[in-house]
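This is what each chain is made of:
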Amino acid sequence: MKKTFFLVEDHSLMRQGISNYLCTEGDYGCAGCTDNAQEALAMLEQLAAQGEAPAVLITDLNLGTDTEDGIRLLRICRERYPDIKVIVYSMYASAGVVNLSLEAGASAYVSKADDERELVKAMGKVLAGESYLARSVVPKLLTYQNIVEGFSRREKEILTLVLQGLPNKQIAERLGIHKRAVENYISRIYDKTGFSTRAELVDQLSLEEL
C-alpha cells in the first residue's frame, strides 16, 4: 500500500513541521497540504481524479473557525473517499470531541500534547487497517461512552448539540422538533447522567479542550 498522506492544518509552521517529520522520520510521502477544509476537499477531488488519492488524511479539527469545520470534513471524506484513512491530530482531547470524531469517520485520534511519535504510530496502524487512539485520550473516552451507552439516538444528538453550546430553541430548529421536546430530552439526559445543569454536562463531557 502506498504510504502517502494529505495534511490539513491551519498553522503554517505546524503544517511544515508535521509534514517534514513524517517524511523524514516515518518515510511517508506528502500528497498535499492546506489550511482549510474547503480547499482540502477540492484538492482531494483532483488527486482522486488523477488516481493519486492519499492513503491517509491527517487533519486538525479547529480550522480557523470552530471544530465543526473539521468534523464536517471527516463526514464528507467518509462519504466520498471511504478508502482514505483519517487521523485527527488536534489540541482538543476531551471525550466529547474524540467520540464525535470517531463517529464522523476518524480511524485514529492523537492529541498535539502527545509525543510526536504517537502520530507515526497512528500512521502505521491505520495503514495496516487498524484503528488507533493515543493513550492520553482513552480514559476520558471510555468514561464518556459508558455514560451515553444507554442513550437513544435522539438523546445522543441533543447531548452533542448541548455540548456545542446551542440553546434549546436552536437545537429544536436544527433537529426540526418542538422546543418542549428538546427540554424533555434534556431532562432525560439529566436523569441518566446524574447531572442537573448544563454547566455540569459541559464540565464533564465537554466538546472543548479540558
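Conventions adopted
Residues numbered from 1 in each chain as written. Predicted model: local features only at pLDDT ≥ 70, side-chain atom pairs only at ≥ 80, totals over all residues. Heavy atoms only, no water. Pairing = 2+ DSSP bridges. Helix = DSSP H or I, 4+ residues; strand = E, 2+ residues; numbered from the N terminus. Contact = heavy atoms within 4.5 Å. Axes fitted to C-alpha atoms, helices over the stretch in contact; angles between N-to-C directions. Buried < 20%, exposed > 50% of the residue type's maximum accessible area, 1.4 Å probe, protein only. Polar contact = N/O pair within 3.5 Å; in protein donor to acceptor, adjacent residues only side chain to side chain.

Visitor: Quick one: what's the story with the sheet that holds strand E3 (residues 56–59), residue by residue and with numbers?
Guide: Spatial strand order, E2-E1-E3-E4-E5-E6: 6 strands in an open sheet with parallel pairing. Of all the strands in the sheet, just strand E2 (29–34) and strand E6 (132–133) have a single pairing partner and so form its edges. Relative to E2, strand E1 (residues 4–8) runs parallel, the two being bridged by 5 bridges. The partner of Val 8 across the bridge, within E2, is Thr 34. In this fold helix H2 (residues 37–49) packs onto E1 and E2, with an angle of close to 155 degrees to the strand it touches most, E1. Across the sheet, helix H4 (residues 95–104) lies against strand E4 (85–90), strand E5 (108–111) and E6, angled at about 150 degrees from E5, the strand it touches most.

Visitor: Please provide a residue-by-residue account of H4, values included.
Guide: For the α-helix, the turn length of 3.6 residues means that residues three or four positions removed from each other point alike. When you tally the buried positions in H4, you get 8 out of 10 residues, the bulk of the element. Among the residues of H4, Ala 95, Gly 96, Val 97, Val 98, Asn 99, Leu 100, Ser 101 and Ala 104 are the ones counted as buried. In the segment just after H4, Gly 105 is the residue with positive phi, at about 125 degrees.

Visitor: Summarise the environment of Thr 193; cite the residues concerned and give the values.
Guide: As for its position among the elements, Thr 193 is in helix H9 (residues 179–193). Judged by its relative accessible area of 17%, Thr 193 falls in the buried class. Each residue touching Thr 193, except ones within four places of it in the same chain, is listed here: Ile 147, Phe 151 and Leu 201. Of note is the side chain of Thr 193, whose polar atom sits 3.2 Å from the backbone nitrogen of Phe 195.

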